[in-house]
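Now for the letters of each chain:
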Amino acid sequence: MTVLVNRSICLAAGFLLDMILGDPYSLPHPVRWIGRLIAFLEGILRKETDSPGRKRRGGCLLAVLVLLVCGGVTAMALGVLYHVHRGAGVLAESILCYQMLSMKCLKTESRKVYCALREGDVEQARSAVSMIVGRDTARLDETGIIRAAVETVAENTSDGVIAPMFYFALGGGVLGLLYKAVNTMDSMIGYRNDKYLDFGRCAAKLDDFMNYVPSRLAALLMIAGAGLCRLGWRAGNPRKANIPYDPAGAWRVYRRDRYKHASPNSAQTESACAGALGVRLAGDAWYGGVRVAKPYIGDARRPIEAEDIRRADCLLYASSFLMWAACMGAFALGLLWCPLA
């Protein structure tokens, strides 16, 4: 019972801190430390002259070492703090939970793109979107910039908020940080290019496995979130008929397009977002100077516009709130059930 109480306090505090503060770039962050560890181990374990098999084994060893170090250090630190005083443990785990979530940070970065577009500064918008996407942005026109920003918000609703909350609810700070370690490995070495195709395969497969359930949960929450956004928009604009959120469309496009991506998980939330907004996402993109063919996701019921970035942010917040409420509800049920067990 004590574990559930502690975890519910930590999740509530972490969620609130992320909503208010976001990610202050000047403060130490565990993901940056994980990134340094990955880069250090990559320098030791990856050699350009290695055979494909040796690169795969090196990549697997890197993944094991990163998970052992991250999980071991986190478990030891939290164990010591909880042993010293429960309050110290709760405080540390609350901060850890807060640093796992990227809700406000994602909104802040996407709004930089939106504001630049509203001011007519396409070059600044292109620069802003380059900070949150992995594709080449030099060739993007205004429509491409908007599409890239909306796709990033949609995909990171799962990776940056729903999945960390899911794993934190299941296993506290240790499991939550292990998820962030896997996600960071994938973002650094999980590429299908000549450099990382073999070395990053283990990291990419681990990330696919870890995100399988959360990405689908995130898509369903986004569909429900579209309903919340629709109600909120209608309440604030009672005389306007064109409501920019469509939960039925989100469900229809999700069922049809959720596998239109090389990753088994990325199109889950992208399809739900595209259907909710009534726009078309994805399509061909450039990576490292190479054009990569991708199918479109969603229907172009109307042209995509800068305002869709703000709408995607609303879907992000609605989905995140629903996930937080579901976790807190599960904790409450667990606390009610525990005395009867």
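Residues numbered from 1 in each chain as written. Predicted model: local features only at pLDDT ≥ 70, side-chain atom pairs only at ≥ 80, totals over all residues. Heavy atoms only, no water.

Caption draft 1: Spatial organisation of the environment of Leu 17. Examined against the element boundaries, Leu 17 turns out to sit in helix α1 (residues 2-21). When the C-alpha positions of Leu 17 and Lys 104 are compared, they lie 9.6 Å apart, and in sequence the two are 87 residues distant. (Helix = DSSP H or I, 4+ residues; strand = E, 2+ residues; numbered from the N terminus.)

Caption draft 2: Region of the structure containing the state of the cysteines. Under the defined criterion, the tally for this structure stands at 0 disulfides. Free of any disulfide, Cys 60 has its nearest neighbouring cysteine sulfur in Cys 202, separated by 3.8 Å. Classification of Cys 60 by relative accessible area gives partly exposed; the value is 35%. With no disulfide partner, Cys 105 has as its closest neighbouring cysteine sulfur the one in Cys 115, 15 Å distant. (Disulfide = S-S within 2.5 Å. Buried < 20%, exposed > 50% of the residue type's maximum accessible area, 1.4 Å probe, protein only.)

Caption draft 3: Structural detail: a nonpolar patch on the surface. On the surface, a cluster of nonpolar side chains totalling about 360 Å² of accessible area is made up of Leu 16, Met 19, Ile 20 and Leu 21. Within the element layout of this structure, Leu 16 appears in helix α1. Using a relative accessible area of 45% as the deciding quantity, one classes Leu 16 as partly exposed. (Patch = residues over 30% accessible without salt bridge, like charges linked within 9 Å, V, L, I, M, F, W, Y side chains within 5 Å. Areas by Shrake-Rupley, 256 points an atom, 1.4 Å probe, with all protein chains shown as cover. Salt bridge = Lys/Arg side-chain N within 4 Å of Asp/Glu carboxyl O.)

Caption draft 4: Up close: the nonpolar core. Counting residues in hydrophobic clusters, the biggest one holds 85 residues, and the most contacted among them are Leu 62, Val 66, Val 113, Val 129, Val 150 and Leu 315. Broken down by element, this core gets its largest block of residues, 21 residues, from helix α7 (residues 142-189). Setting aside residues up to four positions removed in sequence, Val 113 forms contacts with Ala 125, Ala 128, Val 129, Ile 132, Ile 145, Ala 149 and Ile 309. (Core = buried A, V, L, I, M, F, W, Y, C linked by side-chain atoms within 4.5 Å. Contact = heavy atoms within 4.5 Å.)

Caption draft 5: Structural detail: the pattern of salt bridges. Per the stated rule, a full pass over the model turns up 18 salt bridges. Notably, a salt bridge pairs Asp 313 with Arg 111, separated by 2.8 Å at the nearest N-O pair. Highlighted residues: Asp 313 in helix α11 (residues 307-337) and Arg 111 in helix α5 (residues 103-118), separated in sequence by 202 residues. Between Asp 198 and Arg 201 there is a salt bridge, with its nearest N and O atoms 3.8 Å apart. What makes Asp 198 buried here is its relative accessible area of 16%.

Caption draft 6: View of the environment of Arg 216. Mapped onto the elements, Arg 216 comes out in helix α8 (residues 201-236). For Arg 216, a relative accessible area of 13% puts it in the buried group. Along the primary structure Arg 216 and Ala 267 are separated by 51 residues, whereas in three dimensions their C-alpha atoms are 9.6 Å apart. Not counting chain neighbours up to four residues away, the residues in contact with Arg 216 comprise Tyr 254, Tyr 259, Pro 264, Asn 265 and Gln 268. A polar side-chain atom of Arg 216 sits 3.1 Å from a polar atom in the side chain of Ser 215. (Polar contact = N/O pair within 3.5 Å; in protein donor to acceptor, adjacent residues only side chain to side chain.)

Caption draft 7: α1, seen in detail. Spanning 20 residues, α1 covers 28 Å between terminal C-alpha atoms, matching the ideal 28 Å at 1.5 Å per step. Asn 6, Arg 7, Ser 8, Cys 10, Leu 11, Gly 14, Phe 15 and Asp 18 are the residues of α1 that are buried. Looking at the packing, one finds that the buried side of α1 touches α3 (52-84), α4 (86-100), α5, α7 and α11. Of the residues one or two after α1, Gly 22 is the one with positive phi, at around 70°. (Expected span 1.5 Å × (residues − 1).)

Caption draft 8: Quick peek at the side chain of Asp 18. If you trace the backbone, Asp 18 turns up in helix α1. This buried residue, Asp 18, is left without a salt bridge; Lys 104 holds the nearest opposite charge, at 8.5 Å. (Lys, Arg positive; Asp, Glu negative; His and termini not counted.)

Caption draft 9: View of the packing of aromatic side chains. Taken as a whole, this structure holds 6 aromatic pairs when the rule is applied. Between Trp 251 and Tyr 254 the ring centres are 6.0 Å apart and the planes differ by 35°, which places this aromatic pair in the tilted class. With Trp 251 and Tyr 254 both in helix α9 (residues 247-257), this residue pair falls 3 residues apart, about one helical turn. Under the relative-accessibility criterion, Trp 251 is labelled partly exposed at 40%. The class for Tyr 254 is buried, based on a relative accessible area of 7%. Ring centres 6.0 Å apart and planes at 35° place the aromatic pair Phe 321 and Trp 324 in the tilted group. Of this pair, Phe 321 and Trp 324 both sit in helix α11, separated by 3 residues, roughly a single helical turn. Residue Phe 321 is classed as partly exposed on the basis of its relative accessible area, which comes to 42%. Following the ring pairs from residue to residue traces out a cluster consisting of Phe 15, Phe 321 and Trp 324. (Phe/Tyr/Trp six-rings, centres within 6.5 Å; stacked < 30°, edge-to-face > 60°.)

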